[in-house]
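Survey of secondary and tertiary structure
Now for the letters of each chain:
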Amino acid sequence: MSRILDPQFSFADLELRSQGVQLDPTLRGIAEFLDQHSSLVEQVRVDLVRGLKKPTTGRNGITASQTLRALILMRVKNWDYRELRERINDGYTLRAFTDFDSHRVPKHDAFNRAFHRLTPQTLEAINQAVIRAAIELGLEDGKKLRVDTTVVETNVHYPTDATLLWDSVRTITRLVEDLHQKLPQGVEGFTHRTRSARRRMQEIERMSARERHEQQQPKYRELIGITEQVVQNARQVVERAKGTSGIDVVAGVVIDQLQKQITSYCDLGDRVMDQTRRRVIEGEQVPTEEKVYSIFETHTDLIKRGKARKPVEFGHKVFLAESAQGLITDYQVREGNPADGVHVGPSLDRHRKTFQQAPELYAGDRGFHSAENQEKCEKAGVGHIGIPQRGGTKTAERQAFERSPQFKKSQRFRVGIEGRISVLIRGRGMRRCLAKGRERFEVLVGAAVLTNNLMRIAELLKDQKPARRPKAA
């Protein structure tokens, strides 16, 4: 990473500023808020210099302010890295917003490297600092809270046993080919089986229901046998490559990385073969937590929410808590597919920690209902619990409560979070995470939430009426 040095403001920048060209009002509000809260930028700077021996030497790199503002702009406009760079480079107002001004805008991969140094903990800390700033400005009091969960997909294809086996074969073969090119003597004893594996995978995927009943197991046995051969040969190649001599330092590092990757994908191939044998050959019901849904995004969870159009989703469940002013005061990326009801108690604890009091209204859909959660809300001091009863026969008292004007009003308030989730998915990049790894997934969610909160604060500040001046005596 290059050194982090704030660029000097030039005379050209002053001349451009004097032309009166203004930013979009929302972006201008975000920029003014960030200018007034420099501590947010400092947390980004710590991530950028993390792990560097000499962060003050080398060529000038992207500053912490430029990194944070470019990340926010990327999520506001829902651009990719290339379009982000081109738009900033071509527009004076976006140059001013991202603090590049008249200086050179780096290539798209520089933004990628800078964003990849950010940690989920940093984004979460910045979000909490933004919420505290909103409280201090009198924009939020935390008296109303609505909660819901959604699913953010990982960048995987729909997993089947056949396609996962094919993924293992083609990936291991490709890595062995790379190792063959790096080793002086090349690789011996490795048989390429990608064509035969692909052919059997396609035969399995194209089977009709009747053919699947009669031919599925023999074809799967053949595909498992091919995968097992590729995995065994790849492990033998790695063992023989360990004693290779006459390699320079740089090539040695590359070869070590390739060996680790081959070993890792071989282990994943073993897991895929095991679950395929158990499920297809032996007819066993493999537990969800033991399955592999992608050899590239191994952290992917299978999630069933009872949606008619999407009965099964692959990604992670995300819990969101939104205030009356549209600020997302709390978000959590969950493991597995926990029931919505488990979020009520912890979310109340985090809300009290942020606002020093329980909300007067806690609204959610029926998935959050349980007698235990009702008791937790009452003990926490929640004034009105706007959660419909799930299942069972409602008592006359419960029916009267859910027909009351106050409860109906709380449900009308609750549905507002559906619109917020829609905006996050369609406009802030939370439909699918294209970055690799669980940590990058959490950074994406944190960046989308941060962008939403900053945009809401900018809009609230814009709508605030200026204070009246006292009359002259």
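Summary of the structure given here. For clarity, every value in this text was computed on a predicted model and none was experimentally measured.

Overview of the pattern of salt bridges
- Under the counting rule described, the total for this entry stands at 34 salt bridges.
- A salt bridge links D161 to R279; the nearest nitrogen and oxygen atoms lie 2.5 Å apart. In this pair, D161 sits in helix α9 (residues 161–182) while R279 sits in helix α12 (residues 249–281), placing the two residues 118 residues apart along the sequence.
- In this structure, E290 and R278 form a salt bridge, with 3.1 Å as the shortest nitrogen-oxygen distance. You can see E290 sitting in the loop between α12 and β2 (301–303) and its partner R278 sitting in helix α12, a full twelve residues away along the chain.
- Overlapping salt bridges bring together D274, R278, E284 and E290 as one network.

Some thoughts on the side chain of S404
- Looking at the secondary structure, you find S404 in the loop between α15 (396–402) and α16 (405–414).
- A polar contact is formed between the side chain of S404 and the backbone oxygen of F401, at a distance of 2.6 Å.

A closer look at the packing of aromatic side chains
- Following the criterion strictly, the structure yields eight aromatic pairs and no others.
- One aromatic cluster is present, formed by Y81, F100, F111 and F115 through successive ring pairs.
- Here the basic side chain of R69 rests over the ring of F97, its NZ or CZ set 5.9 Å away from the ring centre.
- Between K144 and the ring centre of F413, over which it is positioned, the NZ or CZ distance is 5.7 Å.

A look at unusual backbone geometry
- The phi dihedral of N78 falls on the positive side, at around 60°, and the residue is not glycine.
- Topologically, N78 is positioned in the loop between α4 (64–77) and α5 (81–90).
- For Q356, which is not a glycine, the phi torsion comes out positive at approximately 65°.
- Relative to the helices and strands, Q356 resides in the loop between α13 (344–355) and β5 (361–363).

Digging into helix α18 (residues 438–463)
- Given a rise of 1.5 Å per residue, 26 residues ought to cover 38 Å, and the 38 Å separating the end C-alpha atoms of α18 matches this to within 8%.
- Counting buried residues along α18, 20 of its 26 residues qualify, which places the element largely inside the surrounding structure.

Cut-offs and rules
Residues numbered from 1 in each chain as written. Predicted model: local features only at pLDDT ≥ 70, side-chain atom pairs only at ≥ 80, totals over all residues. Heavy atoms only, no water. Salt bridge = Lys/Arg side-chain N within 4 Å of Asp/Glu carboxyl O. Helix = DSSP H or I, 4+ residues; strand = E, 2+ residues; numbered from the N terminus. Polar contact = N/O pair within 3.5 Å; in protein donor to acceptor, adjacent residues only side chain to side chain. Phe/Tyr/Trp six-rings, centres within 6.5 Å; stacked < 30°, edge-to-face > 60°. Lys NZ or Arg CZ within 6 Å of the ring centre and 35° of its normal. Expected span 1.5 Å × (residues − 1). Buried < 20%, exposed > 50% of the residue type's maximum accessible area, 1.4 Å probe, protein only.

It is worth stressing that arrangement in space is one thing and function is another; only the former is reported here.
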